[in-house]
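Below, each chain spelled out in residue letters.
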Amino acid sequence: MVLFKCMRTLSPEEKLSKELDQDIKQWQRNYDNSIKLLLLGTGDAGKTTIIKQMRILHVQGYSDKERQDYIDIVRGNLHDAIYSLVSHLTLMEPSLDFQDDDSEISGNYILAMGPHATIFSEEYYDHVQRLWEDLGIRECYRRSNEFQLIDSAKYFLDRIYEIRKENYVPIDQDILHSKQTTIEIQKVEFSVNVSKNFYNGTQEFWMFDVGGQRGERKKWIQVFEGIHAVLFVVACSDFDQNLCEDNKQNRLKESITLFTDVWNSRFLVDAGFIVFLNKQDILKDKIESGKDIGIQFPEYDDYKLSSKDGNSFDHYYRTRCFIRDTFVKITQQKRDNVTKHIAPGITLNYEETKLRDCYYHFTTATDTDNIKTVFDDVHSMIIETNLRNSGVSGVE
Ligand SMILES: Nc1nc2c(ncn2[C@@H]2O[C@H](COP(=O)(O)OP(=O)(O)O)[C@@H](O)[C@H]2O)c(=O)[nH]1
Ligand SMILES: [Mg+2]
């Protein structure tokens, strides 16, 4: 009788239900075996760019079809850049002007298209090229911290000769420099080679990307559970810029406040923390062109490098150490009381004594070689910590 029951043919519904059970079990196995990383940070810090680098480095990169999808995004970014420059030129204080009448005609042409244009003619690109050569527009670009301009403005405007071509196909660098606001929570899965003794030589990673603008942050809580490490991304070059969402708030200060909240979040007390001090290329250019972080952060004037950082007088080096140490200080502040939910309905209140490590890397998210090097370190550190916590040691 039992044998007969086992061999009976399953109905379509039973078959479907069994398949679903197997899918769920497989998903659970994958979930349990993966190391889960969560990218956090304010809007435009570089989170999505890091996800793109993982696709380039560890997944199959971008197909021709996916590259086609970036054509409109890149051209939209180019328009966003020139529109912003032209519309702010005459509003600057002290005010700026076009170099000559021809540029002014080109400027009016761009303004007449509005900020969200999507169709661009040959005539359009001629106007943009003329404007990008205009000395007034260049000066406006130099002062672009005074208004909102995308970070990749110069990159795309310098590449207009390629971008305007009819048969233009975005290269990896174009994809990495492009910007599109993240709204949905996104996930990229990839595997990394580890010692053959563990996990058959590979370790699976799941990396989550979320929107960073103020309005998007309430969605973050959905992905906090089971996270092994938070990668907190900071745009260091933001020190002299204000937020899109709130024109009075300094962007780097917003990032510091957000980091304080995330570091102290009771939902993330068990997660490892790694801070990516990002946009080092832009930070270096800014400091070398004479900008001074001491204007927005007066405490910089009395800042002393610690003995391990040496005794450098290089402004860029000192600035990046100053920003890092500002974050270090937050992690060293004593927390008086921690509330932790250990099970539904059961809450523990205790004084935090556990020392938590936080790791720091200086990064340029658009530079694939740099991200590869940094991630090799990050992967080994996370795998090692994870294995050590589970009582295994000796990772390659
Ligand atoms: N030059 C430079 N641009 C960067 C860097 N990181 C990100 N970007 C650019 O900054 C913009 C916003 O980055 P994105 O990854 O979308 O930020 P998110 O809002 O944190 O996801 C994009 O145009 C990126 O290409 C960097 O290290 N250097
Ligand atoms: Mg994003």
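Residues numbered from 1 in each chain as written. Chains lettered and ligands numbered in written order. Predicted model: local features only at pLDDT ≥ 70, side-chain atom pairs only at ≥ 80, totals over all residues.

## Regarding the site of ligand 1
Alright, step 1. Close contacts around ligand 1 come from 24 residues, with G46, K47, T48, K179 and A365 the closest.
Alright, step 2. Mapped by element, the contributors of at least two residues to the shell around ligand 1 are helix 3 (47-58), helix 10 (172-177) and helix 12 (280-288).
Alright, step 3. At three residues, helix 3 tops the list of elements feeding residues into the shell around ligand 1.
Alright, step 4. Classifying every residue of the shell around ligand 1 gives six nonpolar, twelve polar and six charged.
Alright, step 5. Residue contributions to the shell around ligand 1 reach at least three from each of two domains, namely domain 1 (36-61 + 182-382) and domain 2 (64-177). (Near = placed C-beta within 6 Å. Helix = DSSP H or I, 4+ residues; strand = E, 2+ residues; numbered from the N terminus. Nonpolar A, V, L, I, M, F, W, Y, C, P; charged D, E, K, R; others polar. Domains from an automatic or database assignment.)

## A word on the sheet that holds strand 1 (residues 35-40)
Alright, step 1. Overall, mixed pairing links the six strands, which are arranged 2-3-1-4-5-8 in an open sheet. Strands with a single pairing partner mark the edges of an open sheet, and in this sheet they are strand 2 (186-193) and strand 8 (358-362). Each strand axis lies, on average, 25° off the axis of its neighbour in the sheet, ignoring direction.
Alright, step 2. With eight bridges connecting them, strand 2 and strand 3 (residues 202-209) associate as antiparallel partners. (Pairing = 2+ DSSP bridges. Axes fitted to C-alpha atoms, helices over the stretch in contact; angles between N-to-C directions.)

## Quick look at the UniProt feature "binding site: Mg(2+)" (unreviewed entry) in the protein chain
Alright, step 1. The feature "binding site: Mg(2+)" (unreviewed entry), as annotated in UniProt, sits at T48 and T182 in this numbering. A compact arrangement is adopted by the annotated residues: their sequence extent is 135 residues, whereas the largest C-alpha distance between any two is 7.6 Å.
Alright, step 2. In this fold, T48 is placed in helix 3.
Alright, step 3. Exposure remark for T48: the 23 C-beta atoms within 10 Å place this residue in the buried category.
Alright, step 4. Every residue in contact with T48, bar those within four places of it in the chain, is listed here: T182 and D209.
Alright, step 5. Topologically, T182 is positioned in the loop between helix 10 and strand 2.
Alright, step 6. You can call T182 partly exposed: it has 18 C-beta atoms within 10 Å.
Alright, step 7. With residues near it in sequence (within four places) discarded, T182 still touches T48, D209, V210 and G211. (UniProt positions renumbered as here; feature names shortened; annotations may be inferred. Buried ≥ 20, exposed ≤ 12 C-beta atoms within 10 Å, placed from the backbone. Contact = placed C-beta atoms within 7 Å.)

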